[in-house]
Amino acid sequence: MTVAINSDVGEGFGAWGPADEGPLLDQVTAANVACGFHAGDPDILRRTCEASAARGVAIGAQVSYRDLAGFGRRFIDVPPATLVNDLLYQMGALEVFARLTGSRVGYVKAHGALYNTAARHGGHAGALVEAVARYDRSLPLLCQPRTEVWSRAVEAGLCPLAEGFADRGYTDEGLLVARSQPGALITDPEEAARRAVRMAESGTVVSVTGRTVRIAPDGGAVAAVCVHSDTPGAVAIAEAVRAGLTSAGIEVGVPSAPSARSRALADATVRP
């Protein structure tokens, strides 16, 4: 079993943002790089790609609504056709800087409000899937099973990869607790590590109400675990998650397209 540890990076703009994300990049295997619409600018994109590539960390396009002021955490009612173009624009911008380092964009993941909205909103889920398909249909798309975006990705013949969140609380439906609600964040490194191991081994998580919820595809496994860079103590959390997975005999690696068997299982996973 191989699980990617990913984190949102490059989330600054101009003079604002983290000066050195090296310690976090030392712990993760995949970097969700902000592509300029919720955070990031050309200098930051280039610097982040260089830092990631130097460590052998996979570079992923973290695409979002056009929402710098709201950090991509507000729903934007953009027409799906325009959203497709917005997403393609972001992927292309990151690809340039990734290729300058000898790397390339290796996967796609939505950020913030777009990630959560695409779980239920048919139009925006379809736009995300269409953008990936038009850009490069071989790219894995990190998302959650039994959601609108997962189902549409399967129907389009893409490679959806199931993602778990070590530092976020879950609802009974297997979705993320809103950041404004109690239990939204997990900040204790050891607790986050235990959750990550459970996700990888059983594909389940305990919700904020105490229910055991499956977050992996039926018959499949979680392929990636996320630690947000803006969670307090993110470096320590990522370090604990990596150590926990390794101690449990779980290999950490980059997001990659599933095997033929895993792909068949993903295809069998449908919306409830």
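Here the structure is a predicted model, which is why all the values come from computation and not from measurement. (Residues numbered from 1 in each chain as written. Predicted model: local features only at pLDDT ≥ 70, side-chain atom pairs only at ≥ 80, totals over all residues. Heavy atoms only, no water.)

1. What about the side chain of Q90?
Okay, so step 1: Considering the arrangement of structural elements, one finds Q90 in helix 3 (residues 80–100).
Okay, so step 2: The residues touching Q90, leaving out its near neighbours within four places in the chain, are C35, F37, Q62, V63 and S64. (Helix = DSSP H or I, 4+ residues; strand = E, 2+ residues; numbered from the N terminus. Contact = heavy atoms within 4.5 Å.)

2. Comments concerning the confidence of the model for the chain
Okay, so step 1: Taken over all residues, the pLDDT of the chain has a mean of 93, while the share at 70 or more is 94%.
Okay, so step 2: Low pLDDT (under 50) marks residues 260–272, which in the prediction has 22 contacts with non-local residues, meaning those over four places away or in another chain. (pLDDT = per-residue confidence, 0-100.)

3. Side note on the nonpolar core
Okay, so step 1: If you look at the biggest cluster of nonpolar residues, it comprises 71 residues, and the most contacted ones within it are V63, L94, L141, V241 and L245.
Okay, so step 2: When residues no more than four places from it in sequence are discounted, the contact partners of L94 are V33, C35, L45, C49, I59, G60, A61 and V105. (Core = buried A, V, L, I, M, F, W, Y, C linked by side-chain atoms within 4.5 Å. Buried < 20%, exposed > 50% of the residue type's maximum accessible area, 1.4 Å probe, protein only.)

4. Quick notes on the packing of aromatic side chains
Okay, so step 1: By the definition in use, this model includes three aromatic pairs.
Okay, so step 2: Each ring, one from F37 and one from Y89, has its centre 5.8 Å from the other, and the planes form 40°; the classification is tilted. Taken as a pair, F37 in the loop between strand 2 (30–34) and helix 2 (42–54) and Y89 in helix 3 lie far apart in primary sequence, 52 residues in all.
Okay, so step 3: Accessibility expressed as a relative area gives 58% for Y89, which makes it exposed.
Okay, so step 4: Where Y65 meets F75, the ring centres are 5.9 Å apart and the plane angle is 90°; that geometry is what we call edge-to-face. One end of the pair, Y65, is in the loop between strand 3 (58–63) and helix 3; the other, F75, is in the loop between strand 3 and helix 3, with ten residues separating them in the sequence.
Okay, so step 5: F75 gets classed as partly exposed once you look at its relative accessible area, which sits at 41%. (Phe/Tyr/Trp six-rings, centres within 6.5 Å; stacked < 30°, edge-to-face > 60°.)

5. A short note on helix 6 (residues 148–155)
One turn of the α-helix equals 3.6 residues, which is why residues spaced by three or four share an orientation.
Okay, so step 1: Judged by how many residues are buried, helix 6 sits mostly within the fold: six of eight residues are covered.
Okay, so step 2: Among the residues of helix 6, E148, V149, W150, S151, A153 and V154 are the ones counted as buried.
Okay, so step 3: Where helix 6 terminates, the next one or two residues include G157, which has phi positive at roughly 80°.

6. Examining the pairing of strand 3
Okay, so step 1: Taken across its six residues, strand 3 has six buried, putting it largely inside the fold.
Okay, so step 2: Side-chain alternation along strand 3 places A58, G60 and Q62 on one buried face and I59, A61 and V63 on a second face that is also buried.
Okay, so step 3: Sheet analysis places strand 2 next to strand 3, joined by five bridges and oriented parallel. Paired with V33 across the two strands is A61, which belongs to strand 3.
Okay, so step 4: Each parallel crossover has a hand, and the one from strand 2 via helix 2 to strand 3 is right-handed.
Okay, so step 5: Bridge count between strand 3 and strand 4 (residues 105–110): five bridges; the pairing is parallel. Note on strand 4: the bridge partner recorded for V63 is A110. (Pairing = 2+ DSSP bridges. Right-handed = clockwise from strand over helix to strand, strands pointing away.)

7. As for the environment of A156
Okay, so step 1: By secondary structure assignment, the location of A156 is in the loop between helix 6 and strand 6 (159–165).
Okay, so step 2: The exposure class of A156 is partly exposed, given its relative accessible area of 29%.
Okay, so step 3: Considering only alpha carbons, one finds A156 and V132, 24 residues apart in sequence, at a separation of 10.0 Å.

8. Let's talk about the pattern of salt bridges
Okay, so step 1: For the coordinates displayed, the defined rule picks out 13 salt bridges.
Okay, so step 2: Taking the shortest distance from any N to any O, the salt bridge between R66 and D86 comes out at 3.3 Å. Remark: D86 occurs in helix 3 and R66 occurs in the loop between strand 3 and helix 3; sequence separation between them is 20 residues.
Okay, so step 3: R66 gets classed as exposed once you look at its relative accessible area, which sits at 56%.
Okay, so step 4: Given a relative accessible area of 11%, D86 falls into the buried group.
Okay, so step 5: Note that R152 and E148 form a salt bridge whose closest N and O atoms lie 2.8 Å from each other. Taken together, the residues span about one helical turn, with R152 and E148 both in helix 6 at a distance of four residues.
Okay, so step 6: Among the residues examined, R152 registers a relative accessible area of 31% and is labelled partly exposed.
Okay, so step 7: What emerges from the salt-bridge pattern is a single network uniting E95, R99, R104 and D136. (Salt bridge = Lys/Arg side-chain N within 4 Å of Asp/Glu carboxyl O.)

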